[in-house]
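Below, each chain spelled out in residue letters.
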Amino acid sequence: MKTKRILATATCAAFFASTATGLWAQDLTIGRLTEQSSIDPHFNNAGNDQPSKHMTFESLVTPNSKFEIVPELAESWENVDPNTWIVHLRKDVKFHNGDRLTAADVVFSLDRSVNVPNSPSSYFRLRGDITVEAVDDLTVKIVTKEPWPAAIESVGRIPIVNKAVAESATTEDFNAGKAAIGTGPYKFVSWARGDNVKFERFDDYWGGLPEWEHVTMRFIPNEASRVAALLSGDVDFIDGVSPNDIDRINGSGSAKVWSVPTVRIVYLQFDQRDRESPFVKDKSGKLLNPNPLMDSRVRLALSKLVDRQLLVDRVAGGGEPASQLVQAGICGYNPDIPEAERDVEGAKALLTEAGYPDGFAITIHSSNDRFAKDADVALAVAQMWAQGGIQIDDVNALAFANFTANATKGEYSVMEYSYAGTFPSAEDYLKSMLGTYDADRGIGGVNRGRYSSAKFDEALGKSLLAFDRDEKCALMSEAMKIGMEETGVLPLYFLQSNWATAGNVSFEPAINDDWDIRYIHP
Amino acid sequence: MSDQTPVPPIVVSRPAVWLAWITESPAMAAGSAILMLVIGMAILAPLISPQDPYDLLSLSLFDTKLPPGSQSYDGSTSYLLGTDGQGRDILSGILYGLRISLIVGFGSALIAGAIGTIVGIVAAYFGGWVEALIMRLVDLQLSFPAILVALMLLAFLGKGVGNVVLALVIVEWAGYARTARSAALVELGKDYLTAAKVSLLPVRRIIFVHLLPNCLPPLIVLLTIQVARAISLEATLSFLGVGVKATEPSLGMLIASGFSYILSGTYWITLFPGIALVVTVVAVNLIGDHLRVALNPKLRA
């Protein structure tokens, strides 16, 4: 008891001492699920490189924790004609080696980003087909081949490196630290592969003095070990917290879980090819022709059988029930689409109307290693469908690699998938999930069920052409309404992501699932 | 009995003799009692289990992950051993899971045993290229780890109890063939078989009436061990997600489904099916051990 009080006094004293001098001088240790593939920011445009990348490097614009695109190295930009963008850079930005940021660095970086040898996933998709030139020291002109309303949101997210340093540098030079010179709040210190990566504060950071003095990221791929490291005080922050561990962490008294429904949607795709679908049968086991999943009434009935709230509360370990593909607040969300409610009688009436009063037999396929509870959710949906008279032949959960290979070949009838767009807009979702499959035009990329509706395609086409943001959002929400009325896919819920902090560290959960040092506060 | 050396298997007919033989060792008695209990529970599962865990309509998501002894949300059932993440009663899941374990265990061991024994004896009796061909095939089969072969077969055949039995027969027959051959070779060198051969008895009669019965003791021991092995192999395959259907879980699958919750305090999903599996396998092994001693005169000195 006495020791405790002394300790408490000592802590208080230390607290006041530190605030008094205005120096936090705090160190942060992070337990990370994944390890970056490189320190070269242009080497790999993948999620696992993101946390370390954004310590050291910045881009013209960046998504914040609400998934809104906000200016970073760009101060402002204007669209002088549909194909031309003028970007004004911040004046006071310094690189870690003391150089000032100039337009030449930006031009060099945008060009380098698609020319890194052996890149597993380059920035080609973000950069698109553009030409870039420096107008003066702090102004960059970007010219697109075709009118591209989202050019800044896309091109602007490519990391900016120091031209003088990176011009002759290889990816290995970045990994060794020699070329890892950016404008970000933390300087790269060292990377011990398989173990940790270290950073230290950049005192001349344009955004003010960063909150942490030293940041160490340890790679702890095992879920249980990561939680154990947090609870034992070895690390202050962990990502990739499984729903199973939430109660345990919150109950520990020393750590706290931060959760948010992300923009990643979990949904079902239906095989809508005009043929017998391989896993849709009558109750005697004969393949059904025509395929009932072609009928939008059948798909709506299946949607009405699902109790999304129950799924989220009892099976998925959290999340937000989904009645459309994006959440409120995101461009393309349609407030007129009603919340999907469970309605077994309504579903049965629809099935009768469609000519299946006694239902039919079906097998659901899902992954079992792609996101939290994927296999459990598929089983729970099966249970709900069974209660509506659908006979469940099987629920088959496979490793994602196998599952998605077969699903893409059209070998399944009902597939459980998840999807997250790259931009804070419904565009990616509508285009990839519901647009009629057209590889050449880059539409229907994940439309494995081959939903195809002329009405939807027309609405989508209009929205893709719109240049004005408000008009575009309105047109997309129109397309969203059509897609949801026809139940092109069956939205289930927005996946919840969980992070955990120890002690007094606080966190802003990011709805796009990428966390950033800027969201972690002492 | 101990003073009569090489004897054909003990021929016991009267129940009293059977009982005396079983109770001769406490391990054997315990093993048999437990196995009888397990078999009884498995047979009576549809009558005694509170829920049909394979009927999706009888499950409720309102009852997920309830601790042992909880009531269902509508108060109609009480879950003695708790429920899993799909609202499935663990007790019912165990009872039905035991059925799968026993069907797979005994089914695959008996079928593999029958095939392997006949193939092995035929190899020993005919010798020459027949023997060479069969035994190289056996060598080939035994050089692959059983779990690996079973995994590949099931990936190819698809899930289901029938396919698991088929896969286990394919991985297990070779062991019997090798044992049967060596036992048959020993017997073939004995005078009574030479006598049978010179009497010009039909080959079928020599093999099935004279040779086979005298090769049985080591095979019976192998059979019991293989039953236990098949039960754990099925559980392993289901744990890895290639065994039985997800809507009709076996013990291995129940264990797998609760595995991720163990550290978060929801222990019952894995613990109870795990205990049921261990108890069953140990019981069969106890019987196998006793049989090994009882049927091997050398060990009874």
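Numbers given to residues run from 1 along each chain, matching the order in which its sequence is written. Written order determines the labels here, with chains lettered from A and ligands numbered from 1. Per-residue local features are limited, in this predicted model, to residues with pLDDT of at least 70; the limit for side-chain atom pairs, both in listing and counting, is 80 or more; totals at the level of whole chains, interfaces and linings are taken over all residues.

## With respect to the overall build of chain A
Working step 1: Every helix listed is a DSSP run of H or I at least four residues long, and every strand listed is a run of E at least two residues long, numbered separately from the N terminus. Each helix and strand counted, chain A has 17 helices and 20 strands in total.
Working step 2: On C-alpha atoms alone, chain A measures out to a radius of gyration of 25 Å, which is about the 24 Å that the 2.2 N^0.38 rule sets for 522 residues.
Working step 3: Projecting the C-alpha coordinates of chain A onto the three principal axes gives extents of approximately 75 × 70 × 40 Å.
Working step 4: Our exposure labels follow a C-beta count within 10 Å of each residue's own C-beta, placed from the backbone: buried means 20 or more other C-beta atoms, exposed means 12 or fewer, and partly exposed covers the counts in between. The proportion of buried residues among the 522 residues of chain A is 47%. Atoms considered for the radius of gyration are the C-alpha atoms alone. The globule rule reads 2.2 Å times the number of residues to the power 0.38.

## As for the sheet that holds strand 6 (residues 130-136) of chain A
All names here are of chain A.
Working step 1: The strand order across the open sheet built from 4 strands is 4-5-7-6, with neighbouring strands paired in antiparallel fashion. Edge positions in the sheet fall to strand 4 (74-81) and strand 6, since each has one partner strand and no second. Strand-to-strand twist in this sheet, taken as the mean axis angle between neighbours without regard to direction, amounts to 20 degrees.
Working step 2: Once C-beta atoms have been placed from the backbone, residue pairs whose C-beta atoms lie within 7 Å are recorded as contacts. With axes taken as lines fitted to C-alpha atoms, and helix axes fitted only over the stretch in contact, angles between N-to-C directions fall between 0 and 180 degrees. With respect to the sheet, helix 3 (residues 103-112) is in contact with strand 5 (84-89), strand 6 and strand 7 (139-144), its orientation differing from that of strand 6 by roughly 170 degrees. Each pair of strands is called paired provided DSSP finds at least two bridges between the two strands.

## What to know about the pairing of strand 10 (residues 214-219) of chain A
All names here are of chain A.
Working step 1: Sheet analysis places strand 1 (residues 27-32) next to strand 10, joined by 6 bridges and oriented parallel. The residue bridging D27 from the neighbouring strand is H214, located in strand 10.
Working step 2: Direction of pairing for strand 9 (residues 196-201) relative to strand 10: antiparallel, over a ladder of 5 bridges. When the sheet's bridge partners are listed, V197 is paired in strand 10 with M217.

## Regarding the confidence of the model for chain B
All names here are of chain B.
Working step 1: Averaged over every residue, the pLDDT of chain B is 87; the share at 70 or more is 94%.
Working step 2: Of all secondary-structure elements in chain B, the lowest mean pLDDT belongs to helix 1 (residues 15-23), at 76, while helix 4 (residues 90-126) reaches the highest, 94.
Working step 3: Here the complex is predicted with pTM 0.81, and the ipTM for its interfaces comes to 0.79. Here pLDDT means the predictor's own confidence in every residue, given as a number from 0 to 100.

## Considerations on the nonpolar core
Buried together is how nonpolar side chains tend to be arranged in soluble globular proteins.
Working step 1: Linking buried Ala, Val, Leu, Ile, Met, Phe, Trp, Tyr and Cys residues through C-beta atoms within 7 Å yields a set, and such a set is a nonpolar core. Ranked by internal contacts, the top residues of the largest apolar core, which has 138 residues, are A382(A) and L430(A).
Working step 2: Among the elements that make up this core, the one with the highest residue count is helix 13 (residues 374-386) of chain A (10 residues).
Working step 3: Excluding its chain neighbours within four sequence positions, the residues that come into contact with L430(A) are L325(A), G332(A), G435(A), L460(A), M476(A), A479(A), M480(A) and G483(A).
Working step 4: With 70 residues, the next largest nonpolar core counts V138(B), W173(B), A183(B) and I231(B) among its residues.

## Overview of the interface of chain A and chain B
Working step 1: On the side of chain B, 16 residues touch chain A, which itself brings 21 residues to the contact.
Working step 2: If you list the elements that add at least two residues to the side of chain A that touches chain B, you get helix 9 (246-251), helix 11 (308-315), helix 13 and strand 16 (391-398) of chain A.
Working step 3: Following the grouping adopted for this structure description, the nonpolar residues are Ala, Val, Leu, Ile, Met, Phe, Trp, Tyr, Cys and Pro, the charged ones are Asp, Glu, Lys and Arg, and the polar ones are all others, Gly among them. Across the side of chain A that touches chain B, the residue classes tally to 10 nonpolar, 5 polar and 6 charged.

## Comments concerning the packing of helix 8 (residues 191-198) of chain B against helix 9 (residues 203-239) of chain B
Residues and elements named next belong to chain B.
Working step 1: The interhelical angle for the contact between helix 8 and helix 9, taken along N-to-C directions, is 160 degrees, at an axis separation of 11 Å. The angle between helix 8 and helix 9 falls in the class roughly antiparallel. As helix 8 packs across helix 9, the resulting crossing turns out to be right-handed. The residues of helix 9 that touch helix 8, namely those facing L193, A196 and K197, are I206, H210 and L211.
Working step 2: Of the residues contributing to the contact of helix 8 with helix 9, the split by class is 4 nonpolar, 1 polar and 1 charged. With respect to orientation, any angle under 35 degrees is reported as roughly parallel, any angle over 145 as roughly antiparallel, any angle of 65 to 115 as roughly perpendicular, and every other angle as oblique. For any helix crossing, the convention is left-handed if the near helix is rotated counterclockwise from the far helix by under a right angle, and right-handed if that rotation is clockwise.

## Description of helix 3 of chain A
Since one α-helical turn is 3.6 residues long, residues separated by three or four positions face the same way.
Residues and elements named next belong to chain A.
Working step 1: Extensive coverage of helix 3 is indicated by the burial of 7 of its 10 residues.
Working step 2: Residues A103, D105, V106, F108, S109, L110 and R112 constitute the buried set of helix 3.
Working step 3: Each element contacted by the buried residues of helix 3 is listed here: strand 5, helix 4 (124-127), strand 6, strand 7, helix 5 (151-155) and helix 6 (163-166).

## A few points about helix 10 (residues 251-259) of chain B
All names here are of chain B.
Working step 1: Counting buried positions along helix 10 yields 8 of 9 residues, so the element is predominantly enclosed.
Working step 2: Within helix 10, the full set of buried residues consists of L251, G252, M253, L254, I255, A256, S257 and G258.
Working step 3: In this structure, the buried residues of helix 10 make contact with helix 4, helix 9 and helix 11 (268-295).

## Looking at the environment of T171(A)
All names here are of chain A.
Working step 1: Looking at the element boundaries, T171 is found in helix 7 (residues 171-176).
Working step 2: Between the C-alpha atom of T171 and that of P321, which follows or precedes it by 150 residues, the distance is 43 Å.
Working step 3: Filtering out sequence-adjacent residues up to four positions away, T171 remains in contact with S38, D40, F43 and V116.

## What to know about the pairing of strand 17 (residues 414-419) of chain A
Residues and elements named next belong to chain A.
Working step 1: Of the pairings in the sheet, the one linking strand 12 (residues 255-270) to strand 17 comprises 6 bridges and is antiparallel in character. Each residue of the ladder has a partner; that of V266, found in strand 17, is S418.
Working step 2: Of the strand pairs in this sheet, strand 15 (residues 361-367) and strand 17 are connected by 2 bridges, and their pairing is parallel. Within strand 17, the position partnered with I364 by the bridge is V414.

## So, the confidence of the model for chain A
All names here are of chain A.
Working step 1: Mean pLDDT over chain A stands at 89; residues scoring 70 or higher make up 95%.
Working step 2: Of all the helices and strands in chain A, helix 1 (residues 2-21) carries the lowest mean pLDDT, 42, while helix 10 (residues 296-304) carries the highest, 96.
Working step 3: Note that residues 1-24 has pLDDT below 50 and, in this model, 5 contacts with residues that lie over four places away or in other chains.

## Focus: the environment of D204(A)
Working step 1: Relative to the elements of secondary structure, D204(A) occurs in the loop between strand 9 and strand 10.
Working step 2: Separated by 110 residues in the primary sequence, D204(A) and K94(A) place their C-alpha atoms 7.0 Å from one another.

## Focus: unusual backbone geometry
Working step 1: A cis amide bond links N289(A) with the next residue in sequence, P290(A), at an omega value of 0 degrees.
Working step 2: Mapped onto the secondary structure, P290(A) falls in the loop between strand 13 (280-281) and helix 10.
Working step 3: For K373(A), which is not glycine, the phi dihedral falls at a positive 70 degrees.
Working step 4: One can find K373(A) in the loop between strand 15 and helix 13.
Working step 5: The phi dihedral of L200(B) falls on the positive side, at around 55 degrees, and the residue is not glycine.
Working step 6: Within the secondary structure, L200(B) sits in the loop between helix 8 and helix 9.
Working step 7: According to the C-beta neighbour criterion, L200(B) is exposed, with 7 such atoms within 10 Å.

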